[in-house]
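# Structural overview for review
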Amino acid sequence: MTENAISALRAIFGERLRTSLEDRICYSYDATGKEFLPDAVAWPLNPEEIRRTVLLANEHLFPVVPRGAGSGFSGGSLPVRGGVVISTERMDRILSIDSENLVAVVEPGVVTERLKEEAKKQGLYYPPDPASLKFCTIGGNLAECAGGMCAVKYGVTRDYVLGLEAVLGTGELVRTGVCTVKGVVGYDLTRMLVGSEGTLGIITKATLKLIPLPETAATLLAFFPSNEKGARAVAGIVQERITPCALELMDRTAVECVRRMADLSLPEGTGCALLIEVDGLEASVAREADRVEEACLRFGAIEVRKAADAAGRDNLWKLRRSISPAVRQVNPVKINEDIVVPRSRLVEMFAFLSDLSERQDLKIVNFGHAGDGNIHVNIMISGKDEDERGRADKAVEAVFRKTVELGGTISGEHGIGIAKAPYMEMEVGPLGVSVMKRLKNCFDPNGILNPGKIFLEESAVRR
Ligand SMILES: Cc1cc2nc3c(=O)[nH]c(=O)nc-3n(C[C@H](O)[C@H](O)[C@H](O)COP(=O)(O)OP(=O)(O)OC[C@H]3O[C@@H](n4cnc5c(N)ncnc54)[C@H](O)[C@@H]3O)c2cc1C
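It should be emphasised that the depicted structure is a prediction, and the values quoted were computed from it without experimental measurement.

Rules of the game
- Residues numbered from 1 in each chain as written.
- Predicted model: local features only at pLDDT ≥ 70, side-chain atom pairs only at ≥ 80, totals over all residues.
- Heavy atoms only, no water.
- Near = heavy atom within 4 Å.
- Polar contact = N/O pair within 3.5 Å; in protein donor to acceptor, adjacent residues only side chain to side chain.
- Areas by Shrake-Rupley, 256 points an atom, 1.4 Å probe, with all protein chains shown as cover.
- Helix = DSSP H or I, 4+ residues; strand = E, 2+ residues; numbered from the N terminus.
- Expected span 1.5 Å × (residues − 1).
- Contact = heavy atoms within 4.5 Å.
- Buried < 20%, exposed > 50% of the residue type's maximum accessible area, 1.4 Å probe, protein only.
- Pairing = 2+ DSSP bridges.
- Axes fitted to C-alpha atoms, helices over the stretch in contact; angles between N-to-C directions.
- Core = buried A, V, L, I, M, F, W, Y, C linked by side-chain atoms within 4.5 Å.
- Parallel < 35°, antiparallel > 145°, perpendicular 65-115°, else oblique.
- Left-handed = near helix turned anticlockwise from the far one by under 90°.
- Nonpolar A, V, L, I, M, F, W, Y, C, P; charged D, E, K, R; others polar.
- Phe/Tyr/Trp six-rings, centres within 6.5 Å; stacked < 30°, edge-to-face > 60°.

Here the focus is the site of the ligand. The environment of the ligand is made up of 33 residues, and the closest members are P66, G68, S71, S132 and T137. At 2.6 Å from an oxygen atom of the ligand is found a main-chain nitrogen or oxygen belonging to P66. Taking G76, its main chain carries an N or O atom lying 3.2 Å from an oxygen atom of the ligand. Relative to its free-state accessible area of 980 Å², the ligand is covered by the protein chains to the extent of 92%. Looking at the shell around the ligand, the elements with two or more residues in it are β3 (64-67), α5 (138-144) and β10 (201-209). The dominant element in the shell around the ligand, judged by the number of residues it contributes, is α5, at 5 residues.

An ideal rise of 1.5 Å per residue puts 28 Å on 20 residues; helix α14 (residues 386-405) measures up with 29 Å between its terminal C-alpha atoms. Packed against the buried residues of α14 are β16 (333-340), α13 (346-359), β18 (374-381) and α15 (424-443). Capping the start of α14, D385 holds a side-chain oxygen 2.9 Å from the backbone nitrogen of D387, two or three residues further along. Of the residues flanking the end of α14, it is G407, one or two places downstream, whose phi is positive at about 85°.

Side chains V64 and P66 project from β3 onto one buried face, and the interleaved V65 and R67 project onto a second face that is buried too. Alignment of β3 against strand β4 (residues 84-87), held across 4 bridges, turns out to be parallel. By the bridge assignment, P66 is partnered in β4 with I86.

As a further point, take the sheet that holds β18. The strand order β15-β12-β14-β13-β17-β18-β16 describes an open sheet built from 7 strands, whose pairing is antiparallel. With partners counted over all chains shown, the strands left at the sheet margins are β15 (303-307) and β16, one partner each. Along the sheet, successive strands turn relative to each other by an average axial angle of 15°, direction set aside. With 5 bridges connecting them, strand β12 (residues 216-224) and β15 associate as antiparallel partners. Looking at the pairing, A222 lines up with V304 of β15. Contacts from helix α10 (residues 282-298) reach β12, β14 (272-280) and β15 within the one sheet, and its direction differs from that of β12 by about 5°. Against the sheet, α14 engages β16 and β18, with an angle of about 10° to β16.

Residues L274, I276, C296, M349 and I379 are the most contacted members of the largest nonpolar core, which totals 53 residues. Top contributing element to this core by residue count: α13, with 7 residues. Setting aside chain neighbours within four positions, we find I379 in contact with V333, K334, I335, L362, K363, I364, A392, A395 and V396.

Packed helices, taken two at a time, are described by the angle between their axes plus the distance between the axes. At their nearest, the axes of α13 and α14 sit 11 Å apart, and the two run at 160° to each other. With respect to α14, the axis of α13 lies roughly antiparallel. Helix-helix and strand crossings are classified by hand; for α13 and α14 the assignment is right-handed. Residue-level inspection shows E348, M349, F352, L353 and L356 of α13 in contact with α14, the latter providing A395, A398, V399, K402 and T403. Class assignment for the residues of the contact of α13 with α14 results in 7 nonpolar, 1 polar and 2 charged.

What follows deals with the packing of aromatic side chains. Counted under the stated rule, the structure contains 4 aromatic pairs. Centroid distance Y27 to W43: 5.5 Å. Interplanar angle 85°. Geometry classified as edge-to-face. Taken together, the positions of Y27 in the loop between α2 (21-26) and β2 (40-42) and W43 in the loop between β2 and α3 (47-60) put the pair 16 residues apart, joining distant regions of the chain. Ring centres of F400 and Y423 lie 4.9 Å apart, and the angle between their planes is 65°; this geometry places the pair in the edge-to-face category.

What follows is about the side chain of R16. With respect to the helices and strands, the residue R16 is situated in the loop between α1 (3-13) and β1 (17-18). Assessed through its relative accessible area of 17%, R16 is described here as buried. Here E49 takes part through its side chain, which lies 2.9 Å from a polar atom of the side chain of R16. Other than its neighbours up to four places away in sequence, R16 contacts V41, A42, W43, P44, L45, E49 and R90.

Dropping the structure here:
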């Protein structure tokens, strides 16, 4: 960025613009572990400051990179071409929670868990629950269309967005959508912005849908001898016409990692575990939990543990929650993919992954939201061996090809960012990419917003 551009930014932000190396380093990385230094970091307090920044960027041609908490797994918030990082940390007000209309209006920097807690105080529920909810922001969730454990029953962030306010790449402030249950006026610009990874607009306000808080929940942990049996049980439970609010699978390797680390007694012969939670009215939850238990046993579970009180449920969740720290013990570098296949193809996908692991001589740990068909494929490598890195890259590509072949998608929740840009065309095809680029051009003709993301060779502005 030029001195002139920095001075013009300082006129907007004053002390809330930082250019010291220390400050820039703090905003140079996300959960991918990759680092790119921005030229400056700014903390806006309102949409007007963001609008003025984007207008300046169009004049001086520097990149503007929106950032929530930097917890993304695809490199979305990394300033790969420098420019100014716009941190939404200080735009963190919950503007209203309307219990009559079941709607919340929030600023983008609100931490997801805070909104959930505030809604809960009024007997309401904001369901999206990424595992990062204690620190990630609503703005980041909207930009990535984040999902979580309860997506199988309640859907993902997209399903709770009624309307948005955003600054487009042109510097125009647009309001999209509605604050009502229905609304079909013109093209759905709200959906365009959700999942657009900060490349079309910077979200400055969101109108979100709330639902009544479920009365109670019950949790089950079922142990199976093999991945195949566990995966078949997933389809079996769904065929029972029960929709659990969580249906998580941990494969043989994941269970083995946890067995080594967590203080949990696992039944002899466990090769796979399913964590299932049902929620709803007191009267129906106990019955549904019994039916899930029966289905698991019918599909070959060795043992099923059940808990209805909070402490018991917490204990069962321990196995699932211990996985992330536990897998690091396998190898230090985790290549973390988030593919989704139709639930009916899960068995095939697990067989493919186990074969791939043997063929490429790689440790692959699989777990995730099996109820959605969403598997976190974690290829664990030392990070020191070139040959191993090459085999891992080949494995990633093979996983994506198989996923698309099975009718799935290469990203269920982490987005494309820089991590999956080379593979996007594999799923959406050249025409899909071309239409997306044309849309990008409408929203952001000078390529100011988050350049270098999603599209491999996007002609983006440079410093
Ligand atoms: C331990 C851990 C667990 C996780 N679990 C899950 C999970 O279960 N489900 C899931 O979906 N993800 C998960 N994630 C990934 C990550 O938390 C989500 O993608 C989250 O939505 C990112 O939010 P953030 O505020 O950190 O956004 P950032 O990482 O800061 O940004 C993400 C993207 O959003 C853009 N962006 C941020 N704010 C705005 C805005 N106001 N307007 C426009 N664009 C914006 C950025 O430019 C970037 O492209 C996990 C991450 C970690 C580290």
